[in-house]
Amino acid sequence: MAEKSPPLYQGATLGVLTIALSLATFMNVLDTTITNVAVPAISGNLGVSPDQGTWIITAFVVATAIAVPLTGWLAQRFGEVRLFVACTGLFTLLSTLCGLSGSFGLLLLLRVLQGAVAGPMIPLSQSLLMSNFAPDKRGLALAIWGMTTVIAPVLGPIFGGWLTDNYSWPWIFYINIPVGIFSILITWALLKNRETPRQRRPIDAVGLGLLIIGVGALQIMLDKGNQDAWFGSTFIVTLGVTALITLVLFVIWEWYDLHPVVDLTLFKSRNFNVAAVAITLGFGVYFGGIVIFPLWLQTQLNYTATWAGIASAPVGLLAIILSPIVGRNLHRIDLRVLVTISFLVFAVCSFWLGSLTTQVSLWELVEPRIFLGIGIATFFIPLTAMSLSELPQSRVASASGLLNFLRTVGASFGTSLSVTLWDRRATLHDHHLVDHLTSANPVFQQALKLLHSHGFSSLATMGIMSHVTMKQAFMLSTNDFFWLSGWIFVVLMGLVWFARPPFTPGNDASPAAAE
């Protein structure tokens, strides 16, 4: 007979625990975007080029992506509470050391280590939240967890730009210190006597090695592909072939290994498959928009990093309001309906953003971003619940880890492919527009005469026309990207209906379950 579990926390105690776990997730996700706007300052201060500076982002993402699938194995080996507290503590310590680092090489190494300990934090925070909420309140737990993963990427560029401009770049790491300490102290105080069962399992060294090589090669290929002309580069081709071979071998090895480092048998669950595909593709397209939107504002409309972040930030307003409501009602509404609403909103807002012009006002930028919050509130939470349906509590950490790994890979693909598409479509549109700048075009001739009448030389006039043409080309390219995104979301609306109700947890999902 199994040992009786302690009673679940209630009221203020549960609220404090929820805040502690959510803040750790917020700190983790924030670190994936807060460094983006600080790269020029870090590069200049540490004496490297901006291209080299971007490796502090790549190093963190690669290490995180590799560590996330290990969550299930590590949690079984050391216990979810111990692992979460240890990872949060190391993350906080490494954040401090990143701020203190005086050389680029040291900072790069610390970012790799920081990413490695960051990997298990998000799935573990989700698992610990669910296990400490009553079964009928777990939708609310998912809602709270989901809000942190939505708001942090939006606030990251704003915080990073403001701290870098008003203080110095090390402060983008120092702000993690009080958050990390609070999360560690509260989580350990409340959960140290509620550790999950531990099981000593041999480490799958071959699988782990294949995972590190495959994901590492894939992430570097995605990060450097556009810069190195993709498969026109021998380096990129080598990385692609390496990633393909090692990841195929990884899947084969893990499927037949007795103690796999990643539990691929989760894909035997129909609902997990549907949710995994939907969240990988959906988040990849959505994240591509997060990257393209501020990039377009800063490079083509002359927005500062701070104002570009402000234009993006309203995406979280309705998400904050609606996420708890969605979470409380997950058991009352078919999850497929909620996700369909999400993709419908994403599609409509994408088509909306795809109709903007270069004369767009700040409010016209903000308005569709506000409504995107509806889609976000009905995206992460229902899909996460769908992925975990019919799975026992003992497999939640593994499932959450694998799902977050797929989400990270989706974001990587979305970012790289979106930037590539955006650049190439802009080049294509620029060529088409330039073809019309001839003496036979009366509009072009009238524009030249107007500029000449204001005292511009012929050389200056052509420079202005070239700038205007390029600006319009990127506007058309941005429109293309969002229209394509909209149609992808329309297709995904049909995908979720392949999931099969009921969307309830397995028999041992309750913390008090005995086995």
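Residues numbered from 1 in each chain as written. Predicted model: local features only at pLDDT ≥ 70, side-chain atom pairs only at ≥ 80, totals over all residues. Heavy atoms only, no water.

1. Quick look at the overall build of the protein
A count of helical and extended segments in the protein gives 22 helices and zero strands. Look at the contacts in the protein between residues 6 or more apart in sequence, and 84% of them connect residues 24 or more apart. Total accessible area computed for the protein in this model is approximately 22400 Å², and 69% of it derives from carbon and sulfur atoms. (Helix = DSSP H or I, 4+ residues; strand = E, 2+ residues; numbered from the N terminus. Contact = heavy atoms within 4.5 Å. Areas by Shrake-Rupley, 256 points an atom, 1.4 Å probe, with all protein chains shown as cover.)

2. Regarding the nonpolar core
Core analysis: the largest hydrophobic core is formed by 116 residues, its most contacted members being Phe343 and Met386. The greatest single-element share of this core, amounting to 11 residues, is contributed by helix α14 (residues 270-300). Residues in contact with Phe343, not counting those within four places in the same chain, are Ala278, Gly282, Phe379, Phe489, Leu492, Met493 and Val496. Residues Leu297, Leu301, Tyr303 and Val419 belong to the second largest nonpolar core, which totals 19 residues. (Core = buried A, V, L, I, M, F, W, Y, C linked by side-chain atoms within 4.5 Å. Buried < 20%, exposed > 50% of the residue type's maximum accessible area, 1.4 Å probe, protein only.)

3. Quick word on helix α11 (residues 176-191)
Quick reminder: α-helices carry 3.6 residues per turn. Residues three or four places apart thus point the same way. With 16 residues, α11 extends 22 Å between its outermost C-alpha atoms, agreeing within 8% with the 22 Å of an ideal straight helix rising 1.5 Å per residue. Regarding α11, the residues found buried are Asn176, Gly180, Ser183, Thr187, Leu190 and Leu191. Take α11 and look down its axis: the buried residues cluster within an arc of 125 degrees, on one side only. In α11, the exposed positions angled more than 90 degrees off the buried face are occupied by Pro178 and Leu185. (Expected span 1.5 Å × (residues − 1). Arc of directions from axis to C-beta.)

4. Some thoughts on unusual backbone geometry
A positive phi angle, close to 65 degrees, is found at Asn302, a residue other than glycine. Counting through the fold element by element, Asn302 comes out in the loop between α14 and α15 (305-312).

5. Overview of the pattern of salt bridges
The final tally for this structure, using the stated rule, is three salt bridges. Measuring nitrogen to oxygen at the nearest pair gives 3.2 Å for the salt bridge that ties Arg111 to Asp31. You can see Arg111 sitting in helix α7 (residues 104-118) and its partner Asp31 sitting in the loop between α1 (11-30) and α2 (39-46), a full 80 residues away along the chain. Classification of Arg111 by relative accessible area gives buried; the value is 1%. A salt bridge links Asp480 to Arg425, with the shortest nitrogen-to-oxygen separation between them at 3.0 Å. With Asp480 in helix α22 (residues 458-495) and Arg425 in helix α20 (residues 396-435), this residue pair connects regions lying 55 residues apart in the sequence. (Salt bridge = Lys/Arg side-chain N within 4 Å of Asp/Glu carboxyl O.)

6. Focus on the packing of aromatic side chains
Tallied over the full model, the rule gives 20 aromatic pairs. Measuring from ring centre to ring centre gives 5.5 Å for Trp162 and Tyr167, while their planes differ by 65 degrees; the resulting arrangement is edge-to-face. For Trp162, a relative accessible area of 44% translates into the label partly exposed. A centroid spacing of 6.4 Å and a plane angle of 55 degrees characterise the contact between Phe293 and Trp296, whose relative ring orientation is tilted. Within this pair, Phe293 and its partner Trp296 are both found in helix α14, separated by three residues, close to a single helical turn. The exposure class of Phe293 is buried, given its relative accessible area of 0%. Classification of Trp296 by relative accessible area gives buried; the value is 1%. Site record: aromatic cluster; members linked through ring pairs are Phe283, Tyr286, Phe287, Phe343, Phe346, Phe379, Phe380 and Phe489. (Phe/Tyr/Trp six-rings, centres within 6.5 Å; stacked < 30°, edge-to-face > 60°.)

7. Details of α14
Taking 1.5 Å per residue, 31 residues should reach 45 Å; α14 reaches 44 Å between its end C-alpha atoms and fits that length. At the exit of α14 stands Asn302, carrying a positive phi of roughly 65 degrees.

8. Topic: the confidence of the model for the protein
Mean pLDDT over the protein works out to 81, with 87% of the residues at or above the 70 mark. Per-element confidence in the protein ranges from a low mean pLDDT of 63 for helix α3 (residues 50-53) to a high of 94 for helix α17 (residues 335-353). For the stretch residues 507-515, pLDDT sits under 50, and the model shows 15 contacts to residues farther than four places along the chain or on other chains. (pLDDT = per-residue confidence, 0-100.)

9. A few points about the environment of Trp483
Here Trp483 lies in helix α22. The class for Trp483 is partly exposed, based on a relative accessible area of 39%. Sequence spacing of Trp483 and Ala347 is 136 residues, and the spatial spacing of their C-alpha atoms is 8.4 Å.

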